[in-house]
Amino acid sequence: MKTSNPVLARLGQAAERERSAGYAPTGPYGQPGYPQQYPAEAGYPAAPPAVNTMSIDDVVVKTVTLLGILGLSAAAAWVLVPDALLGVAWIGAAVVGLVLGLIISFSRMANPALVVAYAVVEGVFVGMVSKYFETLYSGIVLQAVTATFGVFFLMAVLYRAKVIRATPAFVKGMIAVMAGLFAVMLINLVLALFGVNTGLRDGSPLAIGFSLVCIVVASLSFVLSFKEVEDGVRMGLPQRYSWVAAFGILVSLVWLYIEILRLLSYFQGDD
């Protein structure tokens, strides 16, 4: 089964190598494949060991697990990190999270430990950002969390109802747009470190428009994640690859939350 998602295509190739090396995939209930192992008879090779394939339930469980880890990490950082170190922790977690995210995204193997580590680091980042904005605008964090999960469930409903479809053109377009936005945000961050204000993050009409674009793209990125899950189940990827699918959903949730938090801050006023 082919997919237009390049990352998922690499995972499919990795799964195919595992099957070629002597592993036979089975479904969550032991089918198809080799649900039982039988002793090899003389002159006949042994049946390859069965490997359970990922399911939608696996991805849901892994996603909830990662969200729980992120939430605990965020709460711990909020309470334990002194205000004087808030900026250092914020920037440090952002850099480490970026590195881990790139490693996971471009790795050919599913590594649950790296995904969990990413959730912990992103929890510190989210906790520090949330604490900063909550200090300035009381109640903004709860508003942003509510809006984030509201958008997520809306996109899930729209995808299931096939109102939005992840066609090959849609996937390629989204990947290009997301890469472009990432480049713009990275350049803007570097310029900001040197005191250059591009107007993209200062609350101006341009900043509001940019945040709205980011929110729309982050919302649509869930469609890529849902498609990735469907294709992964259809391709018979091993169960541990559900961690990679859950990672994709987590990345979109964090991005969407930060953008909504930032947009809400633009309308809070100065008091």
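I will try to describe carefully the structure that is included in this document. What you see is a predicted model; the values in this text were computed from it and never measured. (Residues numbered from 1 in each chain as written. Predicted model: local features only at pLDDT ≥ 70, side-chain atom pairs only at ≥ 80, totals over all residues. Heavy atoms only, no water.)

1. Details of the packing of aromatic side chains
Then, number 1: Inspection of the entire model under this criterion finds 8 aromatic pairs.
Then, number 2: Judged by centre distance (5.3 Å) and plane angle (80°), the rings of tyrosine 132 and phenylalanine 133 are edge-to-face.
Then, number 3: Tyrosine 132 sits in the partly exposed class, given a relative accessible area of 37%.
Then, number 4: Taking relative accessible area as the criterion, phenylalanine 133 reaches 8% and is therefore assigned buried.
Then, number 5: Ring centres of tyrosine 159 and phenylalanine 226 lie 5.5 Å apart, and the angle between their planes is 50°; this geometry places the pair in the tilted category. Of this pair, tyrosine 159 sits in helix 5 (residues 140-160) while phenylalanine 226 sits in helix 7 (residues 205-235), and the two are 67 residues apart along the sequence.
Then, number 6: When its relative accessible area of 13% is taken as the criterion, tyrosine 159 is described as buried.
Then, number 7: Given the relative accessible area of 12%, phenylalanine 226 is considered buried.
Then, number 8: An aromatic cluster of at least three residues, connected via ring pairs, comprises Phe152, Phe153, Tyr159, Phe222 and Phe226. (Phe/Tyr/Trp six-rings, centres within 6.5 Å; stacked < 30°, edge-to-face > 60°. Buried < 20%, exposed > 50% of the residue type's maximum accessible area, 1.4 Å probe, protein only. Helix = DSSP H or I, 4+ residues; strand = E, 2+ residues; numbered from the N terminus.)

2. Topic: the packing of helix 2 (residues 56-80) against helix 8 (residues 242-266)
Then, number 1: Interaxial distance between helix 2 and helix 8 falls to 8 Å at its minimum, and their mutual angle equals 50°. Considered as vectors, helix 2 and helix 8 are oriented oblique to each other. Here the hand of the crossing between helix 2 and helix 8 comes out right-handed. Contacts between helix 2 and helix 8 involve Asp58, Val59, Lys62, Thr63, Thr65, Leu66, Leu67 and Leu70 from the former and Ser242, Trp243, Ala245, Ala246, Phe247, Ile249, Leu250, Leu253 and Val254 from the latter.
Then, number 2: In terms of residue class, the contact of helix 2 with helix 8 is made up of 12 nonpolar, 3 polar and 2 charged. (Axes fitted to C-alpha atoms, helices over the stretch in contact; angles between N-to-C directions. Parallel < 35°, antiparallel > 145°, perpendicular 65-115°, else oblique. Left-handed = near helix turned anticlockwise from the far one by under 90°. Contact = heavy atoms within 4.5 Å. Nonpolar A, V, L, I, M, F, W, Y, C, P; charged D, E, K, R; others polar.)

3. With respect to the nonpolar core
Then, number 1: In this structure, Leu66, Phe170, Phe222, Val223, Leu250, Tyr257 and Leu261 are the most contacted members of the largest nonpolar core, which totals 62 residues.
Then, number 2: Among the elements that take part in this core, helix 8 stands out by supplying 17 residues, more than any other.
Then, number 3: The residues contacting phenylalanine 222, other than those within four sequence positions of it, are Phe152, Met155, Ile249, Ser252, Leu253 and Leu256.
Then, number 4: Counting 5 residues, the second largest nonpolar core, distinct from the first, contains Val81, Leu86, Ala89 and Met128. (Core = buried A, V, L, I, M, F, W, Y, C linked by side-chain atoms within 4.5 Å.)

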